[in-house]
Each structure stands twice: as C-alpha cells, then as structure tokens.
Amino acid sequence: MTTDNARRQDFYDRIEPGSLVPLWERMKGLVPPEPTNKTHAHVWRYDEVKPLLLEAGDLLTAAEAERRVLIFENPAFPETSRINSTLYAGMQLILPGETAPAHRHAAGAMRFILESDGGYTTVNGERAEMARGDLVITPGGAWHDHGHGGKGPCIWIDVLDAPLVNIFECSFSEELGDAAQKITRETGHARAEFGSGMLPMQPYSPFGKTSPIFAYSYERARAALVTLAKSSPADPHDGYALRYANPLDGGWIMPTISSWLTYLPAGFTGLPSRATENMGIVVAQGHLTLDLDGTRYELGLNDVMAVPGWTWRTMSASEDTILFHFSDRSAQEKLGIWRRQRGRADPIW
Ligand code: GTQ
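Residues numbered from 1 in each chain as written. Predicted model: local features only at pLDDT ≥ 70, side-chain atom pairs only at ≥ 80, totals over all residues. Heavy atoms only, no water.

Caption draft 1: Geometry of unusual backbone geometry. Of note, the phi angle at Asn302 is positive, near 70°, even though the residue is not glycine. Position of Asn302 among the secondary structure elements: in the loop between β18 (295–299) and β19 (304–307). The exposure class assigned to Asn302 is buried, which follows from its relative accessible area of 5%. (Helix = DSSP H or I, 4+ residues; strand = E, 2+ residues; numbered from the N terminus. Buried < 20%, exposed > 50% of the residue type's maximum accessible area, 1.4 Å probe, protein only.)

Next comes the structure, spelled out in structure tokens:
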C-alpha cells in the first residue's frame with residue numbers, strides 16, 4: 001500500500017512540471033456533491049457605515065474619487081471587492097453640487113437609493129431623478145455620471161456584476177473626459193417609451209440585454225405590493241414579492257443580476273427555502289428577522305446583508321417590512337445551473 005502511495009506520489013511529482021494534475025485527486029473539489037458556499041453571512045449596519053461614508057466626504061471630492069464608495073467586501077473574500085462569490089456591492093455618496101464624472105464600463109450596475117433630495121444620474125444622455133427606494137440601472141457599456149443639485153447627502157447602494165465580468169476576463173472601461181454628459185433626451189423618455197404599459201411599434205432594444213427602462217420608481221412599486229396584498233395571499237416562503245422586469249421580454253432587468261422587492265406585512269412568519277443564488281438584502285422599510293441555517297439575524301432600516309447561496313432561510317417581520325433583494329440568479333438561470341428547494345423534500349434534479 002505504502003509503495004503504491006509512494007509510486008503514485010512519485011508520478012504526481014513527475015507530471016507536475018508539465019502542468020498536469022490527476023483528476024482522481026481533485027474530483028470531489030471539481031464537482032462537489034452539493035454547493036460548498038464560501039460567502040459569509042455578513043451584515044453592514046447603516047448607522048455604522050453612514051458616518052464613515054460621510055467622513056470620506058470630508059477626505060475627498062466625488063470628482064477626485066471618481067466614485068466615492070465604501071465597498072462591502074465579504075470577509076470570506078479579502079482583497080477581491082466582492083460582497084459574495086459573484087457580485088460587487090458598495091455604498092456611494094455624493095454631496096450637493098458634486099458630480100461623479102462620466103465614464104462607462106462593460107460591467108453593468110444597479111443602484112438602490114437610500115437617501116436623496118435632488119440626486120440624479122444620467123445614462124446615455126437621459127437624466128433620471130433618484131428618490132429614496134428607486135432602482136436605477138446603468139447597462140453595461142452605457143455612459144453614466146451622477147450629480148446632485150439638492151440638499152443633504154445623496155447615498156445609495158451600488159451592485160455590479162464586475163466580478164463575473166472579470167471571471168470571464170471581459171472588462172473594458174473608459175472615461176469621457178467631461179464631468180457630465182450632454183443631455184440629449186427629456187427626463188422620463190425611457191419610461192414613456194417602454195414603461196407605461198405600451199411598447200414602440202418598431203421593436204428595438206437600446207441597451208441590448210438590459211432593460212430599456214433605467215429607473216424604476218419605489219413609489220409605484222410599493223403601492224403595487226400593498227395593493228396586491230389586500231386581495232391575494234402571501235407566498236408562504238417569500239411573502240409578497242414583485243420582481244423588476246424587462247418590458248421587452250418579461251425577464252430580469254439585467255442579464256446577470258436579478259432584483260425584486262419583498263413586502264412582509266406585520267406578523268408575517270415564513271417557511272424555509274433555499275436556492276443556489278448568491279444574494280444580498282437591503283431593508284427599505286421596517287425590520288427583518290432572518291433565520292439562516294438556525295442562526296438568527298436582525299436587520300434594521302438600510303442595513304445590508306450578504307446571504308450565501310444554498311442556505312435554508314426563513315423570513316419573518318414584526319412590523320410592515322419592505323426588502324430590496326439582489327442576486328446572481330439571472331446569470332445562473334442563463335447557464336442552466338439555478339436550483340431551488342421550497343421544502344426539504346423538493347427534488348434538486
Ligand atoms: O457609479 O459608476 O460602486 O463605476 C463601482 C464602480 C460605482 C459607478 C461603483 C462604478 C460605479
């Protein structure tokens with residue numbers, strides 16, 4: 001036996017310089033019998049992060065920083081700028097009168113607005129006002145700059161698919177050179193053309209695989225959730241959930257990142273479920289109690305949490321609660337690898 005092992009080791013040592021490795025020593029790691037998620041469940045508290053971000057506002061201008069952001073870096077992935085295995089997220093600040101200068105990149109971004117009185121973003125020449133709870137997207141490749149003509153700090157959560165783009169080694173980026181783009185279209189143009197329950201007669205997709213609507217209103221979404229809760233039962237696992245949808249195909253609004261809003265009425269206690277997607281949660285209203293594989297997490301207003309995939313999770317809420325969810329489900333579905341169990345007996349295959 002020992003001689004066998006010694007002979008094998010000798011073989012491995014001899015093939016190693018030729019950049020060869022025996023699969024039979026690696027099989028379990030290559031195709032694990034079930035997901036072995038490395039992402040840590042981690043909470044970033046708004047009342048801890050916001051003062052630090054405001055302090056950064058004193059250290060440098062938005063123009064100097066290009067983007068003044070504190071990255072949510074998962075403790076499981078130091079130095080990688082990831083909130084979980086596949087996604088980037090951070091908290092961005094601009095102050096009145098500032099501009100985060102125009103640039104574009106292959107990575108796509110979505111932004112969930114936490115505080116804004118007069119903040120706006122411009123995407124390919126069209127401006128969108130940003131109000132609390134709004135979701136604004138920057139499609140991959142689209143020019144974008146952010147500005148603030150109002151009062152107080154403007155703060156939002158950025159979610160980018162940059163880690164995925166970088167796994168594929170497909171990143172491009174460039175700066176425009178001017179702080180702000182020229183405005184070429186009326187504010188509200190995209191929403192009028194694609195987001196009023198109607199579509200252009202001649203089909204076209206200005207942002208390719210990303211939704212042509214780049215600003216989704218919280219006011220409208222919140223009203224929709226509350227209205228549907230009046231006359232339909234909550235999903236026993238997910239509460240009332242509506243996803244942000246691309247009006248051109250009904251799919252997710254970005255090819256890589258999924259996003260949805262969840263409404264949990266006061267007293268909601270959910271059932272456990274789990275899915276392979278790597279997820280993040282932002283509390284938009286109320287308070288979430290989340291049980292993850294038997295560990296309890298309490299999330300308050302504007303807190304952000306990284307939720308590892310394939311973990312049994314159960315949501316409950318003692319007051320009316322609204323959550324912004326984001327995940328890599330959109331990418332996983334395209335690759336045909338997304339799986340979910342809504343009960344322990346649910347089949348995986
Ligand atoms: O606002 O364009 O958090 O390019 C990271 C990279 C925000 C942005 C981030 C970015 C942006």
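Next comes the rest of the description.
Caption draft 2: Inspection of the layout of surface pockets at higher detail. Within this model, the largest pocket holds a volume of roughly 1100 Å³. Around the largest pocket, the lining comprises 41 residues; the ones closest to its centre are Thr86, Asn278, Asp328, Gln332 and Ile337. When residues of the lining of the largest pocket are traced back to their parent elements, those giving at least two are α5 (162–167) and α8 (329–335). With four residues, α8 is the single largest residue contributor to the lining of the largest pocket. (1 Å grid on protein atoms, 1.4 Å probe; cavity = no way out; pocket = protein on both sides within 12 Å on 5 of 7 lines; lining within 4 Å. Points joined across faces, edges and corners; volume = space filled by probe spheres on them.)

Caption draft 3: Molecular detail of empty space enclosed by the protein. Counted according to the given criterion, the structure contains one cavity of 30 Å³ or more. Counted as a void, the largest cavity has a volume near 30 Å³. Taken together, the residues of the lining of the largest cavity break down into five nonpolar, two polar and three charged. (Nonpolar A, V, L, I, M, F, W, Y, C, P; charged D, E, K, R; others polar.)

Caption draft 4: Just the pattern of salt bridges, in detail. Under the counting rule described, the total for this entry stands at 13 salt bridges. In this structure, the salt-bridge partner of Arg296 is Glu298, at a minimum N-O distance of 2.9 Å. We classify Glu298 as partly exposed; its relative accessible area is 28%. Note that Arg329 is salt-bridged to Glu333, the shortest N-O span being 2.6 Å. Taken together, the positions of Arg329 and Glu333, both in helix α8 and four residues apart, correspond to about one turn of that helix. According to the relative accessible area criterion, Glu333 is partly exposed, its value standing at 33%. (Salt bridge = Lys/Arg side-chain N within 4 Å of Asp/Glu carboxyl O.)

Caption draft 5: Geometry of the sheet that holds β18. Pairing within the open sheet is antiparallel, and its three strands lie in the order β18-β17-β20. Two strands in the sheet have a free side with no partner beyond their single neighbour: β18 and β20 (313–316). Across the sheet, the mean angle separating the axes of adjacent strands is 20° when strand polarity is ignored. (Pairing = 2+ DSSP bridges. Axes fitted to C-alpha atoms, helices over the stretch in contact; angles between N-to-C directions.)

Caption draft 6: Expanded view of the site of the ligand. In the region of the ligand, the neighbouring residues are Arg67, Val69, Tyr88, Gln92, His103, His105, Arg111, His144, His146, Asp158 and Leu160. A distance of 2.9 Å separates an oxygen atom of the ligand from a polar side-chain atom of His103. In this structure, an oxygen atom belonging to the ligand sits 2.8 Å away from a side-chain N or O atom of His105. When the ligand sits alone it has 290 Å² of accessible area, and the protein chains cover 88% of it. Elements supplying a minimum of two residues to the shell around the ligand: β3 (88–94), β4 (99–105), β9 (144–148) and β10 (154–160). Residue classes in the shell around the ligand are distributed as three nonpolar, five polar and three charged. (Near = heavy atom within 4 Å. Polar contact = N/O pair within 3.5 Å; in protein donor to acceptor, adjacent residues only side chain to side chain. Areas by Shrake-Rupley, 256 points an atom, 1.4 Å probe, with all protein chains shown as cover.)

Caption draft 7: How the structure looks around a nonpolar patch on the surface. A contiguous nonpolar surface patch, about 380 Å² in accessible area, is contributed by Leu23, Met27, Leu30 and Val31. Positionally, Val31 belongs in the loop between α2 (27–30) and β1 (42–44). (Patch = residues over 30% accessible without salt bridge, like charges linked within 9 Å, V, L, I, M, F, W, Y side chains within 5 Å.)

Caption draft 8: Here's a closer look at the packing of aromatic side chains. Taken as a whole, this structure holds 11 aromatic pairs when the rule is applied. Consider the rings of Phe207 and Phe214, whose centres lie 6.4 Å apart with planes at 85°: the pair is edge-to-face. On the basis of relative accessibility, which here comes to 2%, the residue Phe214 falls in the buried class. Between Phe324 and Phe326, the ring centres sit 6.1 Å apart and the planes meet at 35°, which makes this aromatic pair tilted. The residues Phe324 and Phe326 share a single accessibility class, namely buried. Among the aromatic side chains, those forming a connected cluster through ring pairs are Phe112, Tyr216, Tyr244, Phe324 and Phe326. We note Arg127 situated over the ring of Tyr120; from NZ or CZ to the ring centre the distance is 3.6 Å. (Phe/Tyr/Trp six-rings, centres within 6.5 Å; stacked < 30°, edge-to-face > 60°. Lys NZ or Arg CZ within 6 Å of the ring centre and 35° of its normal.)

Caption draft 9: Broad picture of the side chain of Thr122. Within the element layout of this structure, Thr122 appears in strand β6 (residues 119–123). Look at Thr122 and you get buried, because its relative accessible area is 1%. Excluding residues that lie within four positions of it along the chain, Thr122 makes contacts with Arg127, Trp143, His144, Asp145, Gln181 and Ile183. (Contact = heavy atoms within 4.5 Å.)

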